[in-house]
Amino acid sequence: MTSLMRVRRAGEHARVGFVELFFDLVFVFAITQVSHLLLAHLTPMGGLEAAILLAAVWWVWIDTSWITNWLDPERGPVRLMLFGLMAAGLIMSTSLPEAFGDKGMVFACAFASIQVGRSLFTLWAVRGSSVQKANFQRISAWAMLGAVFWIGGGLAEGQMRLLIWLIALALEFTAPAVAFFVPGLGRSATTDWDVEGAHLAERVGLFIIICLGESIIITGATFAELAWTPPVVAAFVSALIAAITMWWLFFNEAHEAASETFIHAADPGAIARRVYTYCPIIVVAGIVVTAVGDELALAHPMGVTPAATAAVLLGGPLLFLLGTSLSILAIWGKVAWPRVAGVAGVAALGLAALASPLLTPLALTMTSTAVLVLVAIWESAISRRRG
């Protein structure tokens, strides 16, 4: 019995359902929580903790998107499953600021319940398909192994919690890479994953919209509370242009062409694993870090730039350009030279900031935004020449 699975119709695009969009609302809050956490703990350790939590949020979201690529969210049981995940996701999101403090166990239990519960539900839902049943037996085994480490980290404290959660996160990253290999059960074949590429591309695009929207919300809220002096207005304009340019660079012709590539690919599952499971987390990190940098630049546009502020002001655009470059390389095997040049340009700005601490936050944010704009113009010129 496979009645809960999506019906694949040749030539039709599996649309993203309203319940999937409703589910995504939880992650607007989650991304905001991670941004505030990084802003409040702008240190190397704070950055590492924020990175771990952001990656955990990403795996909850992308794993669920894979499930709704297989299962039909218009079916009642699947909808109820998504509502249950939303409830657990909201609990997870509220615990994020204190995940390395008093609410570590709350975060761990919420995360583990989502990963294990979703996998076991899907194992039940696809029980009529021998291929998918074997696939989700392996996925469930990995989810339960990861849950041991997440909950173990929740029970631990301090540096031990950090170490255990790094191991747990490594398991999340490793599982798809090794095709969920389990002794005695073998490994999954990417050719059996039956991916609807256009749907997954749209889902990832919507998550990027969530992150960009969170960036604009933070920028607007901060700007509204400040005196609108010329430096503050300039920082606000720079932040807005940066967000628009990031949108332009992500949702250009390459994003649409990626869906077409899926349609004609011999092994769409392998492409989806590379392009939509691993690469976007770098893009997401870039947008989140850029939002934090924009808030810092708005609050203190002039004066000496602390090293931590310079790191986020330049690190966000660098991560965004790096992540999108890797996505293009992963799907087409070609180097996106304008974006690579942009990475080099932002890195050069970092060296300049180290050499000249007199560069203001406003100068750094405006210059990094200019790099993004130049990359977009360069790529647009290449696209026009190619017709």
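Residues numbered from 1 in each chain as written. Predicted model: local features only at pLDDT ≥ 70, side-chain atom pairs only at ≥ 80, totals over all residues. Heavy atoms only, no water.

Asker: What is the right way to look at the overall build of the protein in this model?
Answerer: Check the secondary structure of the protein and you find 14 helices and zero strands. Helices (α) and strands (β) of the protein occur, in sequence order from the N terminus, as α-α-α-α-α-α-α-α-α-α-α-α-α-α. Against the globule reference of 21 Å for 387 residues, the protein gives a C-alpha radius of gyration of 21 Å, in line with a compact fold. Split into buried and exposed, the 387 residues of the protein put 53% on the buried side. (Helix = DSSP H or I, 4+ residues; strand = E, 2+ residues; numbered from the N terminus. Rg over C-alpha atoms; globule rule 2.2 N^0.38 Å. Buried < 20%, exposed > 50% of the residue type's maximum accessible area, 1.4 Å probe, protein only.)

Asker: Which parts of the structure should I look at to understand the nonpolar core?
Answerer: Generally speaking, soluble globular proteins have nonpolar side chains that are buried together. Core analysis: the biggest nonpolar cluster contains 102 residues, and F27, F107, W150, F207 and F320 have the highest contact counts within it. If sequence neighbours within four positions are ignored, F27 has contacts with V57, V60, W61, F207 and I210. Counting five residues, the second-largest nonpolar core is a separate cluster that includes F223, A235, L298 and L362. (Core = buried A, V, L, I, M, F, W, Y, C linked by side-chain atoms within 4.5 Å. Contact = heavy atoms within 4.5 Å.)

Asker: What's the story with the side chain of E214 in this structure? I'm lost.
Answerer: One can find E214 in helix α7 (residues 197-224). The buried charged residue E214 lacks any salt bridge, with R203 as its nearest oppositely charged partner at 17 Å. The residues touching E214, leaving out its near neighbours within four places in the chain, are V28, I31, T32, S35 and A291. (Lys, Arg positive; Asp, Glu negative; His and termini not counted. Salt bridge = Lys/Arg side-chain N within 4 Å of Asp/Glu carboxyl O.)

Asker: Teacher, can you tell me more about unusual backbone geometry here?
Answerer: What you tend to see is this: most non-glycine residues have negative phi, and most peptide bonds are trans. Look at A179: it is not a glycine, yet its phi comes out positive at around 55 degrees. Looking at where A179 falls in the secondary structure, it is placed in the loop between α6 (158-177) and α7.

Asker: Hey, could you run me through a positive patch on the surface in this one?
Answerer: A surface patch of positive charge is lined by K334, R384, R385 and R386. Residue position: R384 is located in helix α14 (residues 361-386). On the basis of relative accessibility, which here comes to 63%, the residue R384 falls in the exposed class. (Patch = residues over 30% accessible without salt bridge, like charges linked within 9 Å, V, L, I, M, F, W, Y side chains within 5 Å. Areas by Shrake-Rupley, 256 points an atom, 1.4 Å probe, with all protein chains shown as cover. Charge placed at Lys NZ, Arg CZ, Asp CG, Glu CD.)

Asker: Any chance you could explain the layout of surface pockets here in plain terms?
Answerer: Unoccupied space between atoms shows up once a probe the size of one water molecule is rolled over them. Taken as a whole, the second largest pocket spans an internal volume of roughly 520 Å³. Around the second largest pocket sit 20 residues that line it, and N252, K334, E379, I382 and R386 are the ones nearest its centre. At six residues, the largest contribution of residues to the lining of the second largest pocket is made by α14. By residue class, the composition of the lining of the second largest pocket is 12 nonpolar, three polar and five charged. (1 Å grid on protein atoms, 1.4 Å probe; cavity = no way out; pocket = protein on both sides within 12 Å on 5 of 7 lines; lining within 4 Å. Points joined across faces, edges and corners; volume = space filled by probe spheres on them. Nonpolar A, V, L, I, M, F, W, Y, C, P; charged D, E, K, R; others polar.)

Asker: For this particular structure, what's the right way to read empty space enclosed by the protein?
Answerer: Enumeration over the complete set of coordinates arrives at three cavities of 30 Å³ or more. Empty space within the largest cavity amounts to approximately 340 Å³. W59, D63, I139, P176 and F180 are the residues nearest the centre of the largest cavity, which is lined by 21 residues in total. Listed by contribution, the elements that provide at least two residues to the lining of the largest cavity are α2 (44-70), α4 (104-125), α5 (130-155), α6 and α10 (268-278).

Asker: Is there a simple way to think about the environment of W228 in this case?
Answerer: By secondary structure assignment, the location of W228 is in the loop between α7 and α8 (230-250). Sequence separation of W228 and L298 is 70 residues, and the distance between their C-alpha atoms is 10.0 Å. For W228, the residues in contact, after removing those within four places along its chain, are F223 and V233. Here the side chain of W228 touches F223 through a polar contact of 2.9 Å, landing on its backbone oxygen. (Polar contact = N/O pair within 3.5 Å; in protein donor to acceptor, adjacent residues only side chain to side chain.)

Asker: Would you mind showing me how to read the packing of aromatic side chains here?
Answerer: A ring pair, where both rings are aromatic, is described by two values, the distance of the centres and the angle of the planes. If you walk through the whole model with that rule in mind, you get 22 aromatic pairs. Centre to centre, the rings of W61 and F207 are 4.6 Å apart; their planes meet at 45 degrees, and the pair counts as tilted. Placement of the pair is W61 in helix α2 and F207 in helix α7, with a sequence separation of 146 residues. Assigned by exposure class, W61 and F207 land together as buried. An aromatic cluster is present here, built from F23, F27, W58, W61 and F207 joined pairwise through their rings. Over the ring of W165 we find R161, and its NZ or CZ is 5.7 Å from the ring centre. (Phe/Tyr/Trp six-rings, centres within 6.5 Å; stacked < 30°, edge-to-face > 60°. Lys NZ or Arg CZ within 6 Å of the ring centre and 35° of its normal.)

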